[in-house]
Amino acid sequence: MKKIHHALMLITAITLGACTEQKTEEALLTAVAIEKADECHLCGMIIEGFAGPKGAVTHKTENTPRKFCSTRDMFAYYLDPEHKRNVKQLLVHDMSQVPWDMPDDELYIDAKSAWFVVGSNQSGAMGSTLASFAEKKVADAFASKYGGNVYSFDGITTDLINQF
């Protein structure tokens, strides 16, 4: 009987731990509001008021995300090997859900599962940027309308973002 009780306690602890971890990840996805005084972690520009998708990076040892005025700046930061190995989460706006001129802070998606249009004629805070989308077919449609090429997260390299 004691063994069954211990086994049930162990199963309960594992289940609660998984739920807590999932809630923490969900909280991170929505906890990236852009405030009036927020500066881009890479270039130092005030973020609010600029068009185009923004990005956020959370390190493994932190819960407060580092905010970026554009997806281009976020990738420039992330692709540095010193930073890349310490990142636990990257977020970008899903531009199929928000207006280009005023991205909504509530609509971030996991950058690692996103699709990016590079080289479009749509400008972000720092000029050319990577338009981010949750679905490839939407990214393809955006590229057809505004130009550029579609890449998965893993297709984005330092050489690619340095081209524009």
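Source: prediction; values computed, not measured.

Participant: So what exactly am I meant to see when it comes to the overall build of the protein chain here?
Facilitator: For the protein chain, the helix and strand inventory stands at five helices and seven strands. Starting at the N terminus, the α and β elements of the protein chain follow one another as α-β-β-α-α-β-β-β-β-α-β-α. The 164 residues of the protein chain split such that 39% are buried. Long-range pairs, those at least 24 residues apart, make up 61% of the contacts in the protein chain with a sequence separation of at least 6. A total accessible area of about 9,300 Å² is found for the protein chain, and carbon and sulfur atoms account for 54% of it.

Participant: Whenever I open this one, the sheet that holds strand 7 (residues 149-152) confuses me. Can you help?
Facilitator: Across the sheet, three strands lie side by side as 6-5-7; this open sheet has antiparallel pairing. Each having just a single partner strand, strand 6 (127-133) and strand 7 make up the two edges of the open sheet. Averaged over all neighbouring strand pairs, the angle between strand axes comes to 40 degrees, with direction disregarded. Sheet analysis places strand 5 (residues 115-124) next to strand 7, joined by four bridges and oriented antiparallel. Across the sheet, residue Val 118 finds its bridge partner in strand 7, namely Asn 149. Contacts between helix 2 (residues 71-78) and the sheet are confined to strand 5 and strand 6, with strand 6 contributing the most and set at about 85 degrees to the helix. Against the sheet, helix 4 (residues 136-146) touches strand 5, strand 6 and strand 7, its axis set at about 35 degrees to strand 5.

Participant: Explain the sheet that holds strand 4 (residues 108-110) here, please?
Facilitator: The strands that make up a sheet pair up through hydrogen bonds in the backbone, lying either parallel or antiparallel. Ordered by their spatial adjacency, four strands build an open sheet running 2-1-3-4, and the pairing between neighbours is antiparallel. Looking at which strands have only one partner, the edges of the open sheet turn out to be strand 2 (66-68) and strand 4. The average angle at which neighbouring strand axes cross in this sheet is 25 degrees, direction not considered. Note that strand 1 (residues 55-59) and strand 2 share three bridges and pair antiparallel. For Ala 56, the partnering residue across the bridge sits in strand 2 and is Lys 67. Against the sheet, helix 2 touches strand 1, strand 2 and strand 3 (87-93), its axis set at about 165 degrees to strand 3.

Rules used in this analysis
Residues numbered from 1 in each chain as written. Predicted model: local features only at pLDDT ≥ 70, side-chain atom pairs only at ≥ 80, totals over all residues. Heavy atoms only, no water. Helix = DSSP H or I, 4+ residues; strand = E, 2+ residues; numbered from the N terminus. Buried < 20%, exposed > 50% of the residue type's maximum accessible area, 1.4 Å probe, protein only. Contact = heavy atoms within 4.5 Å. Areas by Shrake-Rupley, 256 points an atom, 1.4 Å probe, with all protein chains shown as cover. Pairing = 2+ DSSP bridges. Axes fitted to C-alpha atoms, helices over the stretch in contact; angles between N-to-C directions.

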